Amino acid sequence: MAGGNAIRGSRVGAGPMGEAERGDAAPRRRVSYWCANAHETQPSFAFDPGSEVPETWDCPRCGLPAGQDRANPPQPPKTEPYKTHLAYVKERRSESDGKAILEAALAKHRAKRGL
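Below, the structure is looked at part by part.

Each value, and the rule that gives it
- Residues numbered from 1 in each chain as written.
- Predicted model: local features only at pLDDT ≥ 70, side-chain atom pairs only at ≥ 80, totals over all residues.
- Heavy atoms only, no water.
- Helix = DSSP H or I, 4+ residues; strand = E, 2+ residues; numbered from the N terminus.
- Buried < 20%, exposed > 50% of the residue type's maximum accessible area, 1.4 Å probe, protein only.
- Areas by Shrake-Rupley, 256 points an atom, 1.4 Å probe, with all protein chains shown as cover.
- Contact = heavy atoms within 4.5 Å.
- Pairing = 2+ DSSP bridges.
- Core = buried A, V, L, I, M, F, W, Y, C linked by side-chain atoms within 4.5 Å.
- Salt bridge = Lys/Arg side-chain N within 4 Å of Asp/Glu carboxyl O.
- Phe/Tyr/Trp six-rings, centres within 6.5 Å; stacked < 30°, edge-to-face > 60°.

**Quick notes on the overall build of the chain**
Counting its secondary structure elements, the chain contains 3 helices and 6 strands. Ordered by position in the sequence, the α and β elements of the chain form the string α-β-β-β-β-β-β-α-α. Classification of the 115 residues of the chain by burial places 12% in the buried group. Surface summary for the chain: the accessible area is close to 10,100 Å², and the carbon and sulfur share equals 52%.

**Some details on the side chain of Thr41**
For Thr41, the location among the structural elements is in strand E3 (residues 40-41). Setting aside residues up to four positions removed in sequence, Thr41 forms contacts with Val31, Ser32, Tyr33, Trp57 and Pro60.

**Focus on the environment of Ser44**
Checked against the element boundaries, Ser44 lands in strand E4 (residues 44-46). Exposure remark for Ser44: the relative accessible area of 30% places this residue in the partly exposed category. A sequence separation of 12 residues divides Ser44 from Ser32, and the C-alpha atoms of the two residues are 9.0 Å apart. Here Ser44 is in contact with Arg28, Arg29 and Arg30, once residues within four sequence places are set aside.

**Examining the sheet that holds strand E5 (residues 56-58)**
Across the sheet, which stays open at both edges, the 4 strands sit in the order E3-E2-E6-E5 with antiparallel pairing between neighbours. With one partner strand each, in any of the chains shown, E3 and E5 form the two edges of the open sheet. Judged from the 3 bridges that link them, E5 and strand E6 (residues 65-67) form a sheet pairing that is antiparallel. By the bridge assignment, Thr56 is partnered in E6 with Gly67.

**Digging into the nonpolar core**
Listed in full, the 7 residues of the largest apolar core are Val31, Tyr33, Cys35, Phe45, Cys59, Leu64 and Ala66. Residues within four places of Cys59 in sequence aside, it is in contact with Cys35, His39 and Leu64.

**Describing the pattern of salt bridges**
All told, the structure shown has 1 salt bridge when counted by the stated rule. A salt bridge links Lys83 to Glu91, with the shortest nitrogen-to-oxygen separation between them at 2.4 Å.

**Remarks on the packing of aromatic side chains**
Geometrically, a pair of aromatic rings is defined through the distance of the ring centres and the angle of the planes. A complete count under the given rule lists 2 aromatic pairs for this structure. Centroid distance Tyr33 to Trp57: 6.0 Å. Interplanar angle 25°. Geometry classified as stacked. Placement of the pair is Tyr33 in strand E2 (residues 33-35) and Trp57 in strand E5, with a sequence separation of 24 residues. Relative accessible area serves as the criterion here: at 32%, Trp57 is assigned to the partly exposed category. Pairing Phe45 with Trp57 gives two aromatic rings, centres 5.4 Å apart and planes at 90°, and the pair type is edge-to-face. Taken together, the positions of Phe45 in strand E4 and Trp57 in strand E5 put the pair 12 residues apart, joining distant regions of the chain. Taken together, the ring pairs in this structure connect Tyr33, Phe45 and Trp57 into an aromatic cluster.

Pasting the structure below:
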């Protein structure tokens, strides 16, 4: 290919990405968080005197909540096992309530069928 005007390896907006083009970076501060598995993560936050950093942060390695106190990290959330529809019904109704509802439904069904 002889000559040509193409600028290879560039795109619109591409160029040196130095501080002069982007402007000055906002002051940042790094905060350490520890999870129950003793993983440390240090996200950085903009340093603004009026803003507060979050109390907890999700650990990127294991997903558990992490806190700023290394000696006392937040406890992992309790996960409840899957419950069936019947388990939820049994929580709301007693056995005698269930029998009464069943008898009423059977009586209604029998009345419709003429039994």
